[in-house]
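Tertiary structure, described
Okay, here's what each chain looks like letter by letter:
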Amino acid sequence: VLLAILSPFAGGPSAAGGEWSIEEVGRFFFEDGSIRELSGISWVSTDESGMRYYCVSDDKPVLIPLRVTLDGETGAITSAAAGEPVPLIETAADLEGIGFDSRSGRVLISNETEPGIREYDVASGDLLRRVDTTMHPELGVFQNIVQNKAWESLAIAPGGSFLWTANEDSLAGDPAGTIRLQRFDADLKPAGQWAYELAAAPQEWVTRFALGVPDLLALPDGTLVVLERGFGTTRTGFRARIQLYRVDQAEATDLSTAPLEGATRVAKTLLWENNFDDLNANFEGITLGPTLTGGGRSILLVADNGGTSTRHSLLLLRLKPKPVPAPTAA
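Quantities reported herein were computed from a predicted structural model and do not represent experimental measurements.

Moving on, we come to the overall build of the chain. Along the backbone of the chain there are 0 helices and 21 strands. Whereas a compact globule of 330 residues would reach a radius of gyration of roughly 20 Å, the chain reaches 19 Å, a difference of no more than 12%. Counting all 330 residues of the chain, 55% fall into the buried class. In the chain, once contacts between residues fewer than 6 apart in sequence are set aside, the share between residues at least 24 apart is 57%.

Right, dumping it as structure tokens:
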């Protein structure tokens, strides 16, 4: 859920950024009965022993260290192991999105129950700052959440300049399939809100269980990416559709100063999509990570196993900028 340079959403002429391609490196499963329902992940650092991440769970209010190692030749995941959880100061916890602030060494976490965003000390778990829908008038619309469909996502720019969240599914009173992308500044004050339209369910789905936004990602140039997740069944069985969309809000209406009715939605471009046929493909967390063997930045997704298994699923992707075509001779 994390790490980009200062986002063009900060007020530049365009939020589209550069052109990117994403390819799948591979999926990895690891066993650990001490943790459940991983719902968010954020890259912290990389050293000789592997890549360090922080995860959160919507099962318990804890910060979970996770270490992942890669094959030096292929770049594929070879192992993953969770460390000792750090208890967080929470009263009602449904922790979903997480971003590590490399400048302060703290984490920001979205709590879907409030909904709200809280900042924690990673060593003690002490609560340092918070914001919720009652603290600013422009956030009042998020009090119309549908239960368990609130602020499930969180993306943060490096240094904590800006952070993003969004409601997982449409608010009560908003058109079906319309999501609100909410931006905050470094002081956790609202700094813009834009409408985003979910992709429709595939026609081949006989039934649809859910469509929504479980997380957000910031690319190296600051481009915002939305993770869309949907569940359904076809005539041959269960499907989990996972999609990554690049967002461009240059022509979109800022809902912090205008109503949703008649507003222009952000433009979106599909970067990557895959369909899975197992329940352990409920990918809820996403983070940008270090450079992979062979080039390109890593993107790691983590799945919420629903607490029904000790098996946890990771998905590794490779992000590369598309080459800029050479100018043709006059």
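On to unusual backbone geometry, then. Leave glycine aside and you will find that most residues have negative phi; peptide bonds, for their part, are mostly trans. Backbone torsion omega between Glu-114 and Pro-115 reads -10°, so that peptide bond is classified as cis. Turning to its location among the elements, Pro-115 is positioned in the loop between β8 (106-111) and β9 (116-121). Despite not being glycine, Asn-148 shows a phi value in the positive range, around 65°. On the basis of relative accessibility, which here comes to 48%, the residue Asn-148 falls in the partly exposed class. The phi dihedral of Leu-188 is positive, around 60°, even though this residue is not glycine. Here Leu-188 shows up in the loop between β13 (178-185) and β14 (190-197). Residue Leu-188 is classed as buried on the basis of its relative accessible area of 4%.

The final tally for this structure, using the stated rule, is 17 salt bridges. Between Arg-36 and Glu-37 there is a salt bridge, with its nearest N and O atoms 3.4 Å apart. Since its relative accessible area comes to 34%, Arg-36 is described here as partly exposed. A single network of salt bridges, built from pairs that share partners, joins Glu-114, Arg-118, Arg-130 and Asp-132.

With that settled, consider the side chain of Arg-241. In this fold, Arg-241 is placed in strand β17 (residues 237-248). It is Glu-228 that comes nearest to the buried, bridge-free Arg-241 among opposite-charge side chains, at 4.6 Å. Here the side chain of Arg-241 touches Ala-200 through a polar contact of 3.0 Å, landing on its backbone oxygen.

Consecutive side chains along a regular strand alternate between the two faces of the sheet. In this structure, β9 lies alongside strand β10 (residues 127-132), joined through 5 bridges in antiparallel fashion. Residue pairing in the sheet places Tyr-120 in a bridge with Leu-127 of β10. Counting the residues between successive antiparallel strands, the hairpin from β9 to β10 contains 5 residues, one of them, Gly-125, with a positive phi of roughly 80°.

Note that Ala-303 resides in strand β20 (residues 297-303). For Ala-303, a relative accessible area of 0% gives the class buried. Each C-alpha atom, one on Ala-303 and one on Arg-129, is 28 Å from the other, the two residues being 174 residues apart in sequence. If we skip the residues at most four places from it in the chain, Ala-303 touches Leu-38, Asn-280, Ala-281, Asn-282, Phe-283, Glu-284 and Ser-313.

What counts and what doesn't
Residues numbered from 1 in each chain as written. Predicted model: local features only at pLDDT ≥ 70, side-chain atom pairs only at ≥ 80, totals over all residues. Heavy atoms only, no water. Helix = DSSP H or I, 4+ residues; strand = E, 2+ residues; numbered from the N terminus. Rg over C-alpha atoms; globule rule 2.2 N^0.38 Å. Buried < 20%, exposed > 50% of the residue type's maximum accessible area, 1.4 Å probe, protein only. Contact = heavy atoms within 4.5 Å. Salt bridge = Lys/Arg side-chain N within 4 Å of Asp/Glu carboxyl O. Lys, Arg positive; Asp, Glu negative; His and termini not counted. Polar contact = N/O pair within 3.5 Å; in protein donor to acceptor, adjacent residues only side chain to side chain. Pairing = 2+ DSSP bridges.

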